[in-house]
Every structure is written in C-alpha cells, then in structure tokens.
There are 2 protein chains.
Amino acid sequence: MTKRSTRLEDIAALAGVSIATASRALNDSPAVNTRTKQKIWKLAREHDYPFRRHMPAAPIGASGTIALVTPRPQGREGRLSDPFFLELLAGVGEAARERGCDLVMSHVSPANLHDLSIAMTTSRADGVIFLGQSTLHAAFNRIAETEGRFVVWGAELPDQNYCSIGSDNVNGGRRATAHLARLGRKRIVYLGDLEPPEALQRQRGYQDALETAGLTLDPDLIVPAHFEVESAEAAVDSMLRRGLDFDGIVAASDLIALGAVRALLHAGKSVPGDVSVIGFDNVPFSRYSRPALSTIAQDTMKAGRLMISKLLDHAGEGGGRSERIPTDLIVRETCGG
Amino acid sequence: MTKRSTRLEDIAALAGVSIATASRALNDSPAVNTRTKQKIWKLAREHDYPFRRHMPAAPIGASGTIALVTPRPQGREGRLSDPFFLELLAGVGEAARERGCDLVMSHVSPANLHDLSIAMTTSRADGVIFLGQSTLHAAFNRIAETEGRFVVWGAELPDQNYCSIGSDNVNGGRRATAHLARLGRKRIVYLGDLEPPEALQRQRGYQDALETAGLTLDPDLIVPAHFEVESAEAAVDSMLRRGLDFDGIVAASDLIALGAVRALLHAGKSVPGDVSVIGFDNVPFSRYSRPALSTIAQDTMKAGRLMISKLLDHAGEGGGRSERIPTDLIVRETCGG
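Cut-offs and rules
Residues numbered from 1 in each chain as written. Chains lettered and ligands numbered in written order. Predicted model: local features only at pLDDT ≥ 70, side-chain atom pairs only at ≥ 80, totals over all residues. Heavy atoms only, no water. Buried < 20%, exposed > 50% of the residue type's maximum accessible area, 1.4 Å probe, protein only. Helix = DSSP H or I, 4+ residues; strand = E, 2+ residues; numbered from the N terminus. Pairing = 2+ DSSP bridges. Polar contact = N/O pair within 3.5 Å; in protein donor to acceptor, adjacent residues only side chain to side chain. Core = buried A, V, L, I, M, F, W, Y, C linked by side-chain atoms within 4.5 Å. Contact = heavy atoms within 4.5 Å. Disulfide = S-S within 2.5 Å. Salt bridge = Lys/Arg side-chain N within 4 Å of Asp/Glu carboxyl O. Axes fitted to C-alpha atoms, helices over the stretch in contact; angles between N-to-C directions. Expected span 1.5 Å × (residues − 1). Arc of directions from axis to C-beta.

## Some thoughts on the pairing of strand E3 (residues 127-130) of chain B
Residue and element names in this part refer to chain B.
Part 1 of the reasoning: Going residue by residue along E3, you find Gly127 and Ile129 tucked away on one face and Val128 and Phe130 tucked away on the opposite face as well.
Part 2 of the reasoning: Pairing of strand E1 (residues 64-69) with E3, which is carried by four bridges, proceeds in the parallel orientation. Among the inter-strand pairings, isoleucine 66 is bridged to a residue of E3, identified as glycine 127.

Have a look at this one:
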C-alpha cells in the first residue's frame, strides 16, 4: 500500500487552520502572521507538500535584499575564484551584514542586453548589483531606461545614464607609472587586457604619466595580457625572447604583475634590480609574495558600502550618482622605491 | 497638489488585469503566469506600490535556491575576507552556477541554538548551507531533529545526527606531520587554534604521525594560535624568545604558516634550512609566497559540489550522509622536501 501524497487539507488540519489560511500562508500572503506562516512552511517541508521550492530564504528581519549578478567578461565564463572578485564580494558581504541586508547571488551570468534584462525583471530585491561592467555599457544604458534599481561595479564612461561605482582607474594608472618614472625607469611597459573599460582607463593614466614625465610613448611597450598569471607569464617570456628593451612594468592587475615577476625571475632577471614591477588591486597575496608586490590598492570595503547604500538609501532609477573611489599607492619590494 | 500614492486598483488597471489577479501576482501566487507576474512587479516597482520589498530576487528559471549562513567563530565576528572562507564561497558559487541554482547569503551570523533555529525557520530555500561549524555541534544536532534541510561545512563528530561535509582533517594533519618526520625533523611544533573541531582533528593527526614516526609527544610543542597571520607571528616570536627547541612547524592553516615563516625569517632563521614549515588549506597565496608554502590542499570545488548536491539531490532531513573529502599533500619550498 503506497503512502498517498499530502494534500493542502492535511497541512491545514495539522496546523489547525482553515484551508484558505494554509493556502495564503504557502503563498506568503501578508494577511497571515509570520509565526503561523513559519509553522505551515515547516509542516509543508516535513510532509513534502509541493509549495514553491524555488523561492529564496525569506530574510525575515532583514533590512533589505540586494541581488548580486556577475556579468560574463567578454563571452568567457567569469571565474568566481579570481582573487580581486572575491575581495570585492567580501566587501559587499561585510557591508550587507553591517546593514542587516541579505544578498542573493544569482545563477545568471549575463553576456548581453537580453540576459541583463532578464536578470532585472526577475529581480524582486531592493536592487541589483552587477559585479562587473564587462563590455555591456550600452546594454546597461538601455536597461537603465526601463527596469528597476541597479548599480554597476566598473568605470564611469561618457554618455552614461546608470550608476557605476569604481576606482579612479585613470589616476591609479597614472600614479603607478609616475612612481616608476620617479625611480628613473625610462622604458616602461603597460601590461594588461586592452578591452575592458577599467583596463583602458588604467592605460590612459599610464600614457598621461609618461607624457608628464617627458618619456616618449612607444607602442611596442603596450603589451596585451589577460587577467591571469599564466597569460602574463607567457607575455613577458615572449617580450624577453624577442629582446624587447624595457626596465619597468605597469601591470593592469596583481595577477598580471605576479606572472610578470615570475617570468622575469625565471629568466634570471632581478626584480627590482633589472626591472621594476607594479600591480593593481592590492589582493592579499601581493603583500605576501616575495619580492612583495608594489601595487595600487582598490578600497573594496568602501566599494561594498557605497554600492549597498546606493540601493538602500537612494530612491529613483539608477540609485544615485556614479562615484570614483580614490586609490592608494602601496610601495613594496618589486619597485625598489 | 500632492501626488496621491498608487493603489492596487491602479496597478491592476495599468496591467489590464483584475484586482484579484494583481493581488495574486504581487503575492507571487502560482495561479498567475510568470510573464504576467513580471509585468505587474515591474509596474509596482515603477509606481512605488509597496509590495513586499524584503523578498530576495525570485530566481525565475533557477533550478533551486540554497541559503548560505555563516556562523560566528566562538563569539568573534567571522571575517568574510578570510582567504580560505572565500575559496570555499567560490567553490559553492561555482557549483551553484553549474546547477543553475541561486544562493542567498543571509545577514544572520548565528552564535547559538536560538540563532540557528531562526536562520532555519526563516529559510524557504531548498536547504541551508552553514559555512562553518564553529562550536555549535550540539545546536546543529538539536535543529536537525526539528527544522528543514541543511548541511554543515565542518568535521564529522561522534553522535552526529546532521549532515556535515569537510576535509579529512585527521589524515591531513597526519600527512603534514609525517612529511616533516620523513625529512628527519625531530622537534615538530603543532601551531593552531585549540578549540574548533577541525583544528582538533588536525592536531590528532599530528599526534598519530608522531607516534608512528617514533617521536615523543612533547606538550610544550603544542602552541595555540588563532587563524590569523599576526597571531601566529606573535606565537612564534615568543617561542624563539623563550628559546624553545624546535625544527619543524605543522600549522593548522596557511595564514598561520605564513605568520610563522615571517617570524622565523625576521629572526634570521632560514626556512626550510633551520625550520621546516607546512600549512593547511592551499589558499592562492601559498603558491606565490616566497619561500612557496608547502601545505595540505582542501578541495573547495568538490566541497561546493557536494554541499549543493546534498541539498538539491538528497531528500530527507539533514540532506544525506556526511562525507570526508580527501586532502592532497602539496610539497613546495618551506619543507625542503
């Protein structure tokens, strides 16, 4: 004799409420008090009564809920284990805790306008944080006209009608490059991805600083590398093999700087003796790597607080004005500064 | 003349549906189709109609939803930026993506049975992952009898009636210690927190390995240190100042090992020349620190997949059987192996 499946009547009877109340409770109707709802949800779970499973934990007592969505960097799958991404995630997480706010990490990893639009329309949170701008600037502009509140971690760009929070990348690139110039470096390489807006801004800062320092900009010294140790290691290997003349490297990230240092040491070069290297991000290992990595620090804790506050505190579409967070120059061993 | 606030009738009219349908849609009733719901939620947002704000993004199209709750380590506030915690978070995040499952990071940071119980009863997710066991074993046993599905990242303990996923900590501690013994180290220190179950299991492995290697267990060589670089640095400083005789350190984490290495180098000792050091976790910087850190690797990607699958695939309270994940011995420079 097979166990017959539980019906709504059974749940109602077990809870000692009317069928209507049981139904309202399972639909989380505001008409039913929280204690009763919890009792009925618990019974439904225990008796495998199929009420909506696909609803996130109701953050009862939470001051708000923010959805986190991570766009795919140019088509490639975003690696959640990227050290800077995790620092940023920790920053948002700490800020959400401070505010008693729950975070929903969406499984969606948008690569285009359609995806972004779905991420927004299916969101019933107080707002959405897009942890990355990728190359979706135009798409963000489009959804800013139609959908709910969101904020984007990334660069502030011309003709932008959505709210972005990001580091002052131009100034960061400028400070990194100016520091190497002050140390007397003359042939300074910019090593980094050439597509994402933040990397391009860092590169612009690099060019500004060369100009200010009276150094000529040599296109051969702008070398592409993805945001990965291996990619940077390979790029610097080939720079050395083809005998490129350089005495400094401004890397678009700490992972890239780390790969560069490894390739240089492996080739018997001394860092900073032969080549000064500076990274960007100040991820944890930059302090602990040997030689310790000089870098431009991004303030991920402040970034987290700003993004949460834009969505919780500022009314209106887009959630307030874009902001650029100042960076810090952190001088460690790879510069010989 | 002030703008009168939007009423349910207005939303219904704008959406071209009955008031009843609008109401059901705002309560996310299964009786209303998704497209209509989205349209009505969007209108409600646009006209600031106060429907339940505190509900996380409805993961429409998600295959499930898991709540993430991070217990407070013995009273102290858990630091989300702990590098191993972030690796574990990335593991869970990648696994959730693979399964098309959304994650809800709760703002609650439970420190006792009451908190855990609230975290569970307010959860309407398919299940809850507690990212840390802290000293809440008894409390987890209690809620396993009453509440919904959950799984705990931590050690499998005697008389446990809930599902835990964790590394094989005893064997990990054993392998780390046996490796130093094989290198001829005779006075091996265990450096780590003495309270959390996982640390105690690693310490038991340390003691087993000493016995197997025929080394006497000297209580002076078991030195407490919290899971922080500074705490370990201070502990090793004082070991050196009071002239403790030791030639190896088995650290309960990579952060602790890193602090130990820094203190040793700072005191003019050579690593591994004078003292061999091995960590636990294999966090990213362990590979990049100089000397590169030997360590016991925990498989955070497998951990993430297992915890998600316990909750999505296994019915029943507790969500299936506990499992211990094998560790890897990673030999780098700090051991001289």
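## Section: the side chain of glutamine 133 of chain A
Part 1 of the reasoning: Here glutamine 133 of chain A is to be found in the loop between strand E3 (127-130) and helix H6 (137-146).
Part 2 of the reasoning: For glutamine 133 of chain A, the side chain forms a polar contact with the side chain of tyrosine 162 of chain A, separated by 2.8 Å.

## Describing the nonpolar core
Part 1 of the reasoning: Within the largest apolar cluster, 66 residues are counted, with the highest numbers of intra-cluster contacts made by Ile129, Leu131 and Met307 of chain A together with Ile129, Leu131 and Met307 of chain B.
Part 2 of the reasoning: When residues no more than four places from it in sequence are discounted, the contact partners of methionine 307 of chain A are Leu88, Val92, Ile129, Leu131, Val151, Trp153 and Ile165 of chain A.

## A short note on the state of the cysteines
All names here are of chain A.
Part 1 of the reasoning: As enumerated under the stated definition, the model contains zero disulfides over all chains in all.
Part 2 of the reasoning: Just so you know, cysteine 101 is unpaired, no disulfide at all, and the nearest cysteine sulfur is the one on cysteine 163, 16 Å from it.
Part 3 of the reasoning: For cysteine 101, a relative accessible area of 1% corresponds to the buried category.

## Remarks on the pattern of salt bridges
Part 1 of the reasoning: This structure, assessed with the given rule, holds 18 salt bridges over all chains.
Part 2 of the reasoning: Residue aspartate 208 of chain B pairs with arginine 174 of chain B through a salt bridge whose shortest N-O separation is 3.1 Å. Of this pair, aspartate 208 of chain B sits in helix H8 (residues 197-212) while arginine 174 of chain B sits in helix H7 (residues 169-182), and the two are 34 residues apart along the sequence.
Part 3 of the reasoning: Among the residues examined, arginine 174 of chain B registers a relative accessible area of 30% and is labelled partly exposed.
Part 4 of the reasoning: Taken together, the salt bridges that share partners define one network made up of Arg187, Asp218 and Asp245 of chain A.

## Considering the environment of alanine 257 of chain B
Residue and element names in this part refer to chain B.
Part 1 of the reasoning: Relative to the helices and strands, alanine 257 resides in helix H10 (residues 254-266).
Part 2 of the reasoning: Sequence separation between alanine 257 and glutamate 228 is 29 residues, and the spatial gap between their C-alpha atoms is 9.5 Å.
Part 3 of the reasoning: Not counting the four nearest positions on each side in its chain, alanine 257 is found in contact with Ala251, Val277, Ile278, Gly279 and Leu293.

## Considerations on the sheet that holds strand E6 (residues 188-192) of chain B
Residues and elements named next belong to chain B.
Part 1 of the reasoning: On the basis of which strands lie adjacent, the open sheet formed by six strands has the order E7-E6-E8-E9-E10-E12 and mixed pairing. Strands with a single pairing partner mark the edges of an open sheet, and in this sheet they are strand E7 (222-224) and strand E12 (328-330). Adjacent strand axes in the sheet meet at a mean angle of 20 degrees when their direction is disregarded.
Part 2 of the reasoning: Sheet topology places strand E9 (residues 276-281) next to strand E10 (residues 294-297); four bridges connect them, and they run parallel. Residue pairing in the sheet places isoleucine 278 in a bridge with serine 294 of E10.
Part 3 of the reasoning: Its contacts with the sheet put H8 on E6, E7, strand E8 (248-251) and E9, and the angle it makes with E6 is roughly 175 degrees.
Part 4 of the reasoning: Contacts between helix H9 (residues 229-241) and the sheet are confined to E6, E7 and E8, with E6 contributing the most and set at about 145 degrees to the helix.

## Considerations on helix H9 (residues 229-241) of chain A
The periodicity of an α-helix, 3.6 residues per turn, causes residues three or four positions apart to be oriented the same way.
Part 1 of the reasoning: With 13 residues, H9 of chain A extends 18 Å from end C-alpha to end C-alpha; this agrees with the ideal 18 Å at 1.5 Å per step.
Part 2 of the reasoning: For H9 of chain A, the set of buried residues is Val229, Ser231, Ala232, Ala235, Val236 and Met239 of chain A. Around the axis of H9 of chain A, the buried residues are gathered within 165 degrees of arc, so they sit on the same side. Away from the buried face of H9 of chain A by more than 90 degrees, exposed residues Glu230 and Arg241 of chain A are located.
Part 3 of the reasoning: Buried residues in H9 of chain A make contact with strand E6 (188-192), strand E7 (222-224), strand E8 (248-251) and helix H10 (254-266) of chain A together with helix H11 (284-288) of chain B.
Part 4 of the reasoning: One or two steps after H9 of chain A, the chain reaches glycine 243 of chain A, where phi turns positive at roughly 65 degrees.

Limitation: the analysis is restricted to geometry and does not speak to function.
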